[in-house]
2 protein chains.
Amino acid sequence: MQDFVREEGQPPVTSEQLVAQLREAILCGTLRPGDRLHQDRLAEEMGVSRTPLRTALTTLAQAGLVRYETNRGFRVREFSMSDLRHGLRVRAELEALACRLFALHITDAEVEHLHDLVRQGDALLACGTLRPETQVPYRQMNVEFHGTIYRGAGNPWLQSFIEQLHSVPLVSDRIAIWEDYADVVRSHDDHRRIADALGQRDGERAARIMLEHVSFVGAGTLTRVSQFPDEFLPPAEAPGGPGARRRPS
Amino acid sequence: MQDFVREEGQPPVTSEQLVAQLREAILCGTLRPGDRLHQDRLAEEMGVSRTPLRTALTTLAQAGLVRYETNRGFRVREFSMSDLRHGLRVRAELEALACRLFALHITDAEVEHLHDLVRQGDALLACGTLRPETQVPYRQMNVEFHGTIYRGAGNPWLQSFIEQLHSVPLVSDRIAIWEDYADVVRSHDDHRRIADALGQRDGERAARIMLEHVSFVGAGTLTRVSQFPDEFLPPAEAPGGPGARRRPS
DNA sequence: TTTATCCGTTTTGAATACATTATGCTGCCG
DNA sequence: CGGCAGCATAATGTATTCAAAACGGATAAA
């Protein structure tokens, strides 16, 4: 919530730290899509002046997390279903490309790391059902699996673009919504095959699987989002009443 | 270098205009890679205070045209050959994807526009040789051809990423270095075939040609750049003596 | 000769002050 | 009663000021 407030006598806050805090607040939903970002208010809450705050907001605007209109300030960006679909389409394609590139120079150690992550997932899914306490570690494993591949590709542009997409709330695997155990098993099996294909230096096959993998998982997420748009998408005015999310004045 | 100076009594300069001016200066080479961007000096040259200038520089840093180090200021980003190769690889792939997506919903009018651009190129190349005065219009045609496709794809993320790559000095077609007439003719023939394929709604074929097209033209550019690195790339430590643009390694 | 350190200068980063633009209300007019 | 002009308010954009960090050179010691 308003965990922005800075302790007294702390090292001075830099605008870079503000970027991190604001990004976190946006991705966590503390700041909701469409929210107006009053500079004076925010600056006071975060314990800085408007200057570094504006710097941070400018950075986030360029990164696409907030929108800016001249003389009308910043507000948290809203993502339409269309935005999400388009983002997923490109992410799928880029991560597939990452597979092709990675396969060209992947080391045995990297292959082993991927297999290791697959084994972690095996263990988490071994119980035969979706348990709440396995969600977080499974998600971590998933993020690490994808990250290993697109970082390993060794193309800084590719990495940058994929990371931009991963910072979009619902495009990232980070927020994949798992409901059906069978789907998770299938998705995890994709991981296994991708690791195998990369182990055999078959980038094309890995790319094909990755393309389908991201597309399928993303489609599932989008379907669930469209069923319950209130929980994920901006237009939903918080049902918790007007008192919710009130900032201290 | 300091052609920034603003007329007196003009409408106030916004930081967005500064972004445009600085981008232009960087892409044109007025500001050279590695150049330190002194805030006081630049601000005075451009007739504004440091505040909006810093905003503009922050934006450009996020866009990747300048580099920023805390407490050490901004400097024009240097691109290594590796950066350029990686950028081209991704651009080729993304523009190919744009072809596939565009083919799904391209209109007859859009097809006609592409054919029209091809005809413009035909006219410019009709004389059978590379004439200096045709370079600019040919380049404009080229930029418009590619832009029509990747904008027409209708995917904002894809468009954004491609445009990011086009703002990298040597990755963009904007700066393609044409030397061999035969190469230009071949490149132009690629355009013709891409337009044909899109006219037949054959996105796959258009994508294949586009991938090869961008790769081939880019490779040519990179080859020429590596032959005369001094003219395009920064790392060439000027052997012309210590007075020239010295930087600590 | 080389290296380390101190101190003044320069430059950046943040805070404050000022100007400009948008916003919202009131009151008047049709 | 609806609509619009005008003013008061608030919020943004820019300029200026202040503080902290980095740079550079001179000096002193090894």
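Let us look at the structure shown here. Note that the coordinates shown come from a computational prediction; the quantities given were computed from them, not determined experimentally. (Residues numbered from 1 in each chain as written. Chains lettered and ligands numbered in written order. Predicted model: local features only at pLDDT ≥ 70, side-chain atom pairs only at ≥ 80, totals over all residues.)

## Describing the relation of the copies chain A and chain B
For the record, the criterion: Here the copies are matched by least squares. The fit uses the C-alpha atoms of residues with pLDDT of at least 70 in both. Whether two residues are in contact is decided by their C-beta atoms, placed from the backbone, lying within 7 Å.
At an RMSD of 0.3 Å, chain A and chain B line up after a rotation of 180 degrees and a shift of 0.1 Å along the axis. When the rotation and shift are considered jointly, the pair of chain copies conforms to a two-fold rotation axis. Comparing interface residues between copies, 100% of those in chain A also lie at the interface in chain B; the contact surface is shared.

## Description of the sheet that holds strand S1 (residues 36–37) of chain A
Residue and element names in this part refer to chain A. We apply this condition: A pair of strands is labelled paired if DSSP reports no fewer than 2 bridges between them. Numbering of helices and strands starts at the N terminus; helices are DSSP runs of H or I of at least 4 residues and strands are runs of E of at least 2.
Spatial strand order, S1-S3-S2: three strands in an open sheet with antiparallel pairing. Each edge of the sheet is formed by a strand with only one pairing partner; in this case those strands are S1 and strand S2 (66–69). Two elements, S2 and strand S3 (residues 73–76), share four bridges in a ladder whose sense is antiparallel. Of the residues in S3, the one forming a bridge with valine 66 is valine 76.

## What to know about the protein's contact with DNA strand C
This is how the line gets drawn: Placing a C-beta atom from the backbone of each residue, we mark the residue near a molecule or strand if the atom is within 6 Å of it.
Close to DNA strand C lie 18 residues, the nearest being Thr14, Ser49 and Thr51 of chain A together with Gln39 and Gly73 of chain B. For the surface near DNA strand C, the elements supplying multiple residues, two or more each, are helix H3 (50–63) of chain A together with helix H2 (39–46) of chain B. In terms of residues, the surface near DNA strand C owes the most to one element, H3 of chain A, which gives four residues.

## With respect to the protein's contact with DNA strand D
Selection criterion: Note on residue categories: nonpolar means Ala, Val, Leu, Ile, Met, Phe, Trp, Tyr, Cys or Pro, charged means Asp, Glu, Lys or Arg, and polar means any other residue, Gly included.
Lining the immediate environment of DNA strand D, one finds 18 residues, of which Gln39 and Gly73 of chain A together with Ser49, Thr51 and Asn71 of chain B sit closest. At the level of secondary structure, the elements contributing two or more residues to the surface near DNA strand D comprise helix H2 (39–46) of chain A together with helix H3 (50–63) of chain B. Among the elements that line the surface near DNA strand D, the one with the most residues is H3 of chain B, at four residues. Here the surface near DNA strand D is built from residues that sort into three nonpolar, 12 polar and three charged.

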